[in-house]
Each structure stands twice: as structure tokens, then as C-alpha cells.
Amino acid sequence: MADGAGMAGAPLDVSGRKPGAAGGIHAVDSDAAVVVDAVHAAQGVCVVDSSGLNHILPVEAGQTLAQTIWLSGELSPPALCSGLGRCGACRVRFFEGTPKPCDADSAILGAEAVRGGWRLACRHAAVAGMVVELPPPPSEKRKRMDIRPDAGPFRLAVDLGTTSIHWRLLDGTGHEAASGQALNPQMGAGSDVVSRLAAARNQEGRERLGHLVLRFLQRVVSDVGVPVAELCIAGNTAMTSILLNEDVAGLCAAPYRLTEPGGRTAELPGLPPAWIPPQPAPFVGGDISAGMAALLYGEPPEFPFLLADMGTNGEFVLALDKERSFIASVPLGPSLEGIGLRYGGVADTGSVSGFRLGPFGLSPVVIGNTEPKRICGTGYLSLLDALLRTGFLDATGRLASASVSPLAARLLGTVERGAAGWSLPLPGGMELAGADVEEILKVKAAFSLALESLLAASGLESRALARVCLGGALGEHMPETALERLGFLPQGLQARTVAEGNTSLRGAALLLTRPELRERLVRWSSGCTLVDLAARPDFTALYMRHMVFG
């Protein structure tokens, strides 16, 4: 698919399409034929963004409308659910070429929205001549301090996550001069590692995805307004290989193999030299080794400790000392980041980070003390913890057959049932779906199995761990007691569990300010012992044993 540069963003004659108060199209008259003719002539689709600007995007055979829009690089993607038709984040409003609604359109968007022309872009093929309108895009968070141009040399630390990209600009003293975060622009290819790898198996797809991140980083380097001398880019193995345009075949099928070991400086188009942290194993990448740099070479650590970096892929390190570590990884999917769940979303202002139980039911704890808009991953964990305590759910994640408390009986009485399963109405017009519970239970099973396997390989019991350090999706808004009660952690371990924030970004910054640590980190990486869970013949049986809460 072409990049779209030179076509996308060029204003068309849309005198018949009048932006409303929120931008976008709200009226169509005969002059709209100008737009439709132009779209057909270009053999593309016209996407009108929330500011009223038209983007004509080329159509590629076999692509969904969602892929056509958000792999173009012209529009910032929302937090999508990899085409599962579950989150509704890819909704678009049709004005030309409206397809017949599918079951998911009605189930997720509602009958009224469907009658108004709204559809799920992930469930419909892109067809030349379509004209659609987008809701407002997700915001990009930035913090800029007073940057003195003579305070350099400036360096840029980057945490290249599957869902989000976080960056921090450092001045010559190592202090933060600016920072920011945004959704990964590759989100149009899917929200998890598997979907990104599938899109990057051939050279064209890999270059397309890599270009999206390169252009994002080039824009960051340009926008900070000062010369940047060096970058450190810490990402998982898939994100790193795609960025460096390395073959990803070894990550796509067993036996898995690592093509890019990291631990080197890379030259990337339009960017300063970028140091890539070492990648210890096929699915234990530079994000986890950068995180270990922060924990090993920052404040003196207490051994043994566990680092759990919980994103779309769960990466674990059980460190016995500064030289010896056991490592493991498990696929988690994006649900801990709130992606792919019915009302899920990343942790930001308006996100529910927790739920409290009261005599009248559930009350949300909202980031920024605003009206709730979505539920982030830790909000879902807190919610399930509360529902298990009331007896609303049993240990398998199913609705309880008999209520064990008056509150559970009251909540069970509000449950709605339909073709897609049951759902529980929540404050703020949101709901919890049975499918959401199942997705989180899968994550719990993967987490507790990985921890159990690492402890067994090291010969340790859980009570021997001095600390459990949480990074990734759980590193900033950890539920207070839910991890132990839901069964992620063995009994007694939550008291020694700490939310470490973004360890990957912190480590990338440390490796820029103290480059002498890089060689030590490469040696640490080469000495890791991999506990390969997927290679175990009894993996499925072990996984199913962990598919219970508590």
C-alpha cells in the first residue's frame, strides 16, 4: 500500500459537507458529488477527520477498512482490539458506500448508531468510493520544560511498546527536559505482538510498519527543538526487529529463534545513532533488559527478586544476583492495557483505575477525578476482585449459581443476557461482559504459570523472594490487593510487591547517561537461563490448571 503522502491531507471541494461543532460531516447535498468523483478517480476511500480535513487513501486488496485507514500513517489510531469486533474503537460513520451492517455492528454500536450510518471498520472490507467520518483521535501527552539549547548534549530515551511509545528527553546532566507518550502508530495492524508479526512477515509489510514508527520518532526529534545526539530505543523483540527491518520469521513459528540480539548501535534513517539494548531470548527483549538495568544498576537491589513486565507480552526475570537470572515469556494479549475489552482503554484521564464496594454497589475510582469514559487494565482487575468477594462470580469466572450475599443478589438481578453472552451494567453507562472476564482469566493463568515455572527452575519458593517488581501495564496503577486474591501471586507475596513504573524507559535513560553500563548489560543478557514454557509437552495441561481465580 502506498504511504499516502501527496494525496492524504489535501483539502477537497467539500462545500456540500459542513463541519459541525465537533468537526466532521453533518450534512450532504449535491456538491458532495465532487468528493465522490475524486475518491472514485483515485480508486480510494475518503476519510474525513474530526477537523473536517479529507484524506484520500488507496485501497489494497484484502484489507479491512480499519487497516486501510490506520496503516496509512496519515491518521492516529485509537486503541484497537486486533479486529475482534469487541471494543468499538474503530467505529466510523459512512456517507457513501455504506455496507450492510453485520451482527457485531449492532451488538457493539447499538441499533440507533447503525441506523445513523456507524459501522465497525474492522468488520468491513475497504471499497473504492467509500466516504467515512472519524471520531476525534486519541490525544498525545507531552510535557515540556524550559529547554536551554546550551544545556546539551541532549539524548532521547524511548520505550517502544506494542501499544504505546513513551519517550524522555535528557539534557547534558541527565535530567528530564521533556517527555511524552502516544499510541504506537502500528496499531492499525492489530493490538498484539502476533498480529504485528503477521503483518511484518514479508518485506513490504515490515517496511510499512517500521516506517510508521520511524516517522513518529523523527517527528519527536524534530519537535523538541534542540539537537539530539543519541537515542536508546528499548522494545520487545518483535517491535525491535520491525524497526530495524530484520527478518521476523524466527518469531512467527516454533522453534523460535532470535535474529536481532541487540546490544549495538543502529543507524536509522533520519535519526541520530540509536543504541539497542540486548535481547536475551526470542520473546524477552530490550525492554526487559533495559528494565533490569534500572533495577540492577540503580538503587542497590535486594536479591532474589522478580521483574514482571506486563504488556501484550509478559516478560519475567527472576534474578538470583547481579550475574545469574532465569527468564521466561508468555503471550498475554493487550487486556492488561485495557485493549480489546468492551469498555477497555489505556490508563489516562477519564479511565477507571479501580472499583470500590459500598452498600449500594460499585463505585469507580477515576484518573483525574472526571466522569468515567473507559476502564484500564488495573480497573478491570479491581472490578473482578470486588465481584469475586461478593460472590457474584465463582472461581472459574462464571456467574455464581446462587448468590452468597445481598449485594451479589442485587448485582445478579441487573445482569443482561443476549446472543453475545451476559453483561453487567456499570456506573457511567459502561458494562462488564462475560467475554472480558474470560480474557483476564487467560492473562491470570499465563502470569501465575510463568511465576510457578521460574520458581521451580530456580529451586526457590515464593517466600524466598525479597521483592516482586511490576513494570509495564501494572507498573503505574497496581490494584492494592487484587493480584493476590485473583491468584496472580501466591499468598503472602503481595506485601512484597511494588509498582516500579516504566522500568524500560527508566533503564533506557540510565543507559544513555551511563554508557559504561552497556557492556555489563550485554554480559548479563548472555548469562540468562531461559525457561521455555511453550516447549513443555505438558504446557496446555499446566495452563488449564491455572485457569481459575484465587
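Residues numbered from 1 in each chain as written. Predicted model: local features only at pLDDT ≥ 70, side-chain atom pairs only at ≥ 80, totals over all residues. Heavy atoms only, no water.

A look at the packing of helix H13 (residues 503-513) against helix H14 (residues 517-526)
Part 1 of the reasoning: In the contact formed by H13 and H14, the axes pass within 8 Å of each other and the chain directions differ by 130 degrees. In terms of axis orientation, H13 runs oblique to H14. The residues of H14 that touch H13, namely those facing Leu510, Leu511 and Leu512, are Leu517, Arg518 and Leu521.
Part 2 of the reasoning: Among the residues making up the contact of H13 with H14, the classes are represented as 5 nonpolar, no polar and 1 charged. (Axes fitted to C-alpha atoms, helices over the stretch in contact; angles between N-to-C directions. Helix = DSSP H or I, 4+ residues; strand = E, 2+ residues; numbered from the N terminus. Parallel < 35°, antiparallel > 145°, perpendicular 65-115°, else oblique. Contact = heavy atoms within 4.5 Å. Nonpolar A, V, L, I, M, F, W, Y, C, P; charged D, E, K, R; others polar.)

Quick look at the packing of helix H8 (residues 286-297) against H14
Part 1 of the reasoning: Where H8 contacts H14, the axes come no closer than 11 Å and their chain directions differ by 110 degrees. When the interaxial angle is binned, H8 and H14 end up roughly perpendicular. In this structure, the crossing between H8 and H14 has a hand that is right-handed. Residues Ser289, Ala290, Met292, Ala293, Leu296 and Tyr297 of H8 touch H14, and the partners they reach there are Leu517, Arg520, Leu521 and Trp524.
Part 2 of the reasoning: Here the residues of the contact of H8 with H14 sort into 8 nonpolar, 1 polar and 1 charged. (Left-handed = near helix turned anticlockwise from the far one by under 90°.)

With respect to the UniProt feature "domain: RACo-like middle region" (unreviewed entry) in the protein
Part 1 of the reasoning: The positions that UniProt labels "domain: RACo-like middle region" (unreviewed entry) are, in the present scheme, residues 156-294.
Part 2 of the reasoning: Within residues 156-294, the helical portion is 32% and the strand portion 24%, while the C-alpha atoms at the span's ends are 16 Å from each other. (UniProt positions renumbered as here; feature names shortened; annotations may be inferred.)

Some remarks on H8
Part 1 of the reasoning: Along its 12 residues, H8 runs 16 Å from first to last C-alpha, staying within 8% of the 16 Å computed at 1.5 Å per residue.
Part 2 of the reasoning: Listed in full, the buried residues belonging to H8 are Gly286, Asp287, Ile288, Ser289, Ala290, Gly291, Met292, Ala293, Ala294, Leu295, Leu296 and Tyr297. (Expected span 1.5 Å × (residues − 1). Buried < 20%, exposed > 50% of the residue type's maximum accessible area, 1.4 Å probe, protein only.)

Focus: unusual backbone geometry
Part 1 of the reasoning: A cis amide bond, omega 5 degrees, links Gly152 with the succeeding residue Pro153.
Part 2 of the reasoning: Relative to the assigned elements, Pro153 resides in the loop between strand S6 (141-144) and strand S7 (154-160).
Part 3 of the reasoning: Of note, the phi angle at Asn245 is positive, near 60 degrees, even though the residue is not glycine.
Part 4 of the reasoning: With respect to the helices and strands, the residue Asn245 is situated in the loop between helix H7 (237-243) and strand S11 (264-266).
Part 5 of the reasoning: With a phi angle near 50 degrees, Asn369 is a residue other than glycine that sits in the positive phi range.
Part 6 of the reasoning: Owing to a relative accessible area of 76%, Asn369 belongs among the exposed residues under this scheme.

Here's the deal with the packing of aromatic side chains
Part 1 of the reasoning: Within the structure shown, the criterion is met by 6 aromatic pairs.
Part 2 of the reasoning: Between Phe447 and Phe488, the aromatic rings sit 5.3 Å apart at their centres with planes inclined by 65 degrees, giving edge-to-face as the arrangement. Of the two residues, Phe447 is situated in helix H11 (residues 434-458) and Phe488 in the loop between helix H12 (482-486) and strand S23 (497-499); the sequence distance between them amounts to 41 residues. Phe488 shares its class with Phe447; the two are buried.
Part 3 of the reasoning: Between Phe539 and Tyr543, the ring centres sit 6.0 Å apart and the planes meet at 25 degrees, which makes this aromatic pair stacked. On the criterion of helical spacing, the pair formed by Phe539 and Tyr543 is a turn pair, its members being 4 residues apart in helix H15 (residues 539-545).
Part 4 of the reasoning: The class of Tyr543 is buried, set by a relative accessible area of 18%.
Part 5 of the reasoning: Pairwise contacts between aromatic rings join Phe316, Phe447 and Phe488 into one cluster. (Phe/Tyr/Trp six-rings, centres within 6.5 Å; stacked < 30°, edge-to-face > 60°.)

Focus: the side chain of Ser504
Part 1 of the reasoning: As for its position among the elements, Ser504 is in helix H13.
Part 2 of the reasoning: For Ser504, a relative accessible area of 1% gives the class buried.
Part 3 of the reasoning: Those residues within four positions of Ser504 in sequence are excluded, and the remaining contacts are Asp159, Ala234, Asp287, Ala290 and Gly291.

Digging into the sheet that holds strand S12 (residues 274-276)
Part 1 of the reasoning: One open sheet holds the 7 strands; their spatial order is S6-S9-S8-S7-S10-S12-S11, and the pairing between them is mixed. Each edge of the open sheet carries a strand with a single partner, namely S6 and S11. Neighbour to neighbour, the strand axes of the sheet diverge by 20 degrees on average, direction disregarded.
Part 2 of the reasoning: Strands S7 and strand S10 (228-235) of the sheet are contacted by H8, whose axis makes an angle of about 110 degrees with S10.
Part 3 of the reasoning: In the packing of H13 onto the sheet, the strands contacted are S7, strand S8 (164-170), S10 and S12, and the crossing angle to S7 comes to about 150 degrees. (Pairing = 2+ DSSP bridges.)

A closer look at the nonpolar core
A general feature of soluble globular proteins is that nonpolar side chains tend to end up buried together.
Part 1 of the reasoning: Within the largest apolar cluster, 62 residues are counted, with the highest numbers of intra-cluster contacts made by Phe316, Leu387, Phe392, Trp422, Leu424, Leu426 and Leu432.
Part 2 of the reasoning: Looking at which element gives the most residues to this core, the answer is H11, with 12 residues.
Part 3 of the reasoning: Lining this core are residues from two domains, each supplying at least three of them: domain 3 (299-334 + 442-506 + 513-546) and domain 4 (335-439).
Part 4 of the reasoning: The contacts of Leu424, once residues within four sequence positions are left out, are Leu387, Phe392, Leu411, Thr414, Val415, Met430, Glu431 and Leu432.
Part 5 of the reasoning: Core analysis: the next-biggest nonpolar cluster, separate from the first, contains 43 residues, Ala182, Leu214, Val248 and Ala274 among them. (Core = buried A, V, L, I, M, F, W, Y, C linked by side-chain atoms within 4.5 Å. Domains from an automatic or database assignment.)

Some details on helix H9 (residues 377-390)
Part 1 of the reasoning: Its 14 residues give H9 an end-to-end C-alpha distance of 20 Å, which sits within 8% of 20 Å, the value for a rise of 1.5 Å per residue.
Part 2 of the reasoning: By the criterion of burial, H9 is predominantly enclosed, with 12 of the 14 residues buried.
Part 3 of the reasoning: After H9 finishes, the residue Gly391 shows a positive phi value of roughly 95 degrees.

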